[in-house]
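Spelled out from the first residue to the last, the chains are:
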Amino acid sequence: MKRITVNVDDLGLSPAVNQAVLQLAERGRIQSTSLMSLGRLAADEAAHLRALGISIGLHFDLTGLAGLGSLQQVLWRSYRRGWPAATLSAAVARQLDAFEDLVGAAPAFVDGHQHVHQLPQVREALLRAVQARYGAGMYWRSTRPLLGDAKSRIIYALGGRRFERRLQAQGDACNRVLGGVYGFDGDAAALARRWAQWLAAAPAAGCLLMCHPAVPQGGWHDEIRPAREREWQWLGSDAFAELWAKYACRGAAIGRAAGQAA
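Residues numbered from 1 in each chain as written. Predicted model: local features only at pLDDT ≥ 70, side-chain atom pairs only at ≥ 80, totals over all residues. Heavy atoms only, no water.

Undergrad: Before we go on, may I ask you to explain the overall build of the chain in this structure?
TA: The helix and strand inventory of the chain stands at 10 helices and nine strands. Against the compact-globule benchmark of 18 Å for 262 residues, the chain has a radius of gyration of 17 Å, which places it among compact chains. Projected onto the principal axes, the alpha-carbon positions of the chain cover approximately 50 × 35 × 35 Å. Counting across all 262 residues of the chain, residues that qualify as buried make up 54%. (Helix = DSSP H or I, 4+ residues; strand = E, 2+ residues; numbered from the N terminus. Rg over C-alpha atoms; globule rule 2.2 N^0.38 Å. Buried < 20%, exposed > 50% of the residue type's maximum accessible area, 1.4 Å probe, protein only.)

Written as structure tokens, this is what we have:
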């Protein structure tokens, strides 16, 4: 059996994402989700996810709801080490406070919107604040690639290796490899082929697969909304369930309370 964690990123971004998370959780198609804590999540939604055994982590954000710059601007500022320490400290504290208010508990794990959690300066601020608040042993997302595609390698090159070294030195845990990386392009058939590649390549010992589904719903805008809706259709399909069974996958929650799987 392969221990797989399917994690939905961007919980809290919109009701369309929240509904996708809730419905996929009820069907047993996902095991964890990453919350943008500056967004919206009703108390009953958070309680329902926790009752279903879904791990809820902090999706630390600089480029989205936090509004601190585009990804290009955040990358430039981080690699120049141009962040005022007070700005990062305030951003981390605000999002941790908001997470606790929305969920009623500490994060089961921490990762980053557009993987900003692993960037220079940002990772130091996050690691320091999380350890001060919760102690050692937090679970984090590593971007170590499952596959050798160009986008996965680029993401990991933007701080992934140094971030893993910091985790090891601090005594924190992370997933073995990360899948689910693609350009949000292609049609439904292309998405099915990608999932077949990820599940086939996933090691038996554990793998984290990120995804970004949203139910079809008007009234909101997002640059990858068509891809989100394709992912929603795929993850809820019989074809996905058949592929999951074909590769003998078993869902594994992540985080300290879940024994730090994946």
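Undergrad: For this particular structure, what's the right way to read helix 9 (residues 225-235)?
TA: Note: α-helices contain 3.6 residues per turn, so residues at a spacing of three or four share the same orientation. Buried residues of helix 9: Ala227, Arg228, Glu229, Glu231, Trp232, Trp234 and Leu235, and no others. Where helix 9 is buried, its residues touch strand 1 (2-11), helix 1 (15-26), helix 8 (188-201), strand 8 (207-211) and helix 10 (238-246). (Contact = heavy atoms within 4.5 Å.)

Undergrad: Even after reading the chapter, I still don't get the nonpolar core, so can you show me in this structure?
TA: One broad rule of soluble globular proteins: the nonpolar side chains tend to lie buried together. Formed by 65 residues in total, the largest nonpolar core has its most connected members in Ile4, Phe60, Leu62, Trp140 and Trp195. In terms of residue count, the dominant contributor to this core is helix 1 (seven residues). Not counting residues within four places of it along the chain, the set of residues in contact with Trp140 comprises Val110, Leu126, Leu127, Val130, Phe163, Leu167, Asp172, Ala173, Cys174 and Asn175. Among the nonpolar cores identified, the runner-up in size contains 10 residues, and Ile155, Leu178, Leu208 and Met210 belong to it. (Core = buried A, V, L, I, M, F, W, Y, C linked by side-chain atoms within 4.5 Å.)

Undergrad: Hey, could you run me through the packing of helix 4 (residues 85-103) against helix 5 (residues 122-134) in this one?
TA: If you want to describe how two helices pack, look at the angle between their axes and the distance between the axes. Between helix 4 and helix 5, the least distance of the axes is 10 Å, while the angle of their chain directions is 45 degrees. If you check the angle between helix 4 and helix 5, you find them oblique. In this structure, the crossing between helix 4 and helix 5 has a hand that is right-handed. Packed against helix 4, whose contacting residues are Leu88, Val92, Ala93, Leu96, Asp97 and Glu100, the element helix 5 presents Val122, Ala125, Leu126, Ala129, Val130, Arg133 and Tyr134 at the interface. Looking at the contact of helix 4 with helix 5 residue by residue, the class counts come to 10 nonpolar, no polar and three charged. (Axes fitted to C-alpha atoms, helices over the stretch in contact; angles between N-to-C directions. Parallel < 35°, antiparallel > 145°, perpendicular 65-115°, else oblique. Left-handed = near helix turned anticlockwise from the far one by under 90°. Nonpolar A, V, L, I, M, F, W, Y, C, P; charged D, E, K, R; others polar.)

Undergrad: Even after reading the chapter, I still don't get the packing of helix 1 against helix 9, so can you show me in this structure?
TA: Helix 9 packs onto helix 1 with a crossing angle of 10 degrees between their chain directions and a minimal axis gap of 11 Å. Put simply, helix 1 runs roughly parallel to helix 9. Across from Val17, Ala20, Gln23 and Leu24 in helix 1, the residues of helix 9 making contact are Arg228, Trp232 and Leu235.

Undergrad: Can you walk me through the state of the cysteines in this structure?
TA: In protein structure, a disulfide is the covalent linkage between the sulfur atoms of two cysteines. Inspection of the entire model under this criterion finds zero disulfides. In this structure Cys211 is a free cysteine whose sulfur lies 12 Å from that of Cys207, the closest cysteine sulfur available. Residue Cys211 is classed as buried on the basis of its relative accessible area, which comes to 1%. (Disulfide = S-S within 2.5 Å.)

Undergrad: Is there a simple way to explain the environment of Ile30 in this structure?
TA: Its place among the elements puts Ile30 in the loop between helix 1 and strand 2 (32-35). Of the residues examined, Ile30 reaches a relative accessible area of 3% and is grouped as buried. For the pair Ile30 and Gly251, spaced 221 residues apart in the sequence, the C-alpha separation amounts to 7.4 Å. Among all residues touching Ile30, those that are not within four sequence positions of it are Val6, Val8, Val21, Leu24, Ala25 and Ile54.

Undergrad: Whenever I open this one, the packing of aromatic side chains confuses me. Can you help?
TA: Ring pairs (aromatic) are described by centroid distance and by the angle formed between their planes. Summed over the entire model, instances satisfying the criterion amount to seven aromatic pairs. Taken together, a centroid distance of 5.0 Å and an interplanar angle of 55 degrees make the contact between Tyr182 and Phe184 tilted. Accessibility expressed as a relative area gives 7% for Tyr182, which makes it buried. When the ring of Phe240 is compared with that of Trp244, the centres are 5.8 Å apart and the planes differ by 40 degrees; the resulting orientation is tilted. Separated by four residues within a single helix, Phe240 and Trp244 lie in helix 10, roughly one turn from each other. Here a set of aromatic residues connected by ring pairs shows up, and it is made of Tyr182, Phe184, Trp195, Trp198, Trp234, Phe240 and Trp244. (Phe/Tyr/Trp six-rings, centres within 6.5 Å; stacked < 30°, edge-to-face > 60°.)

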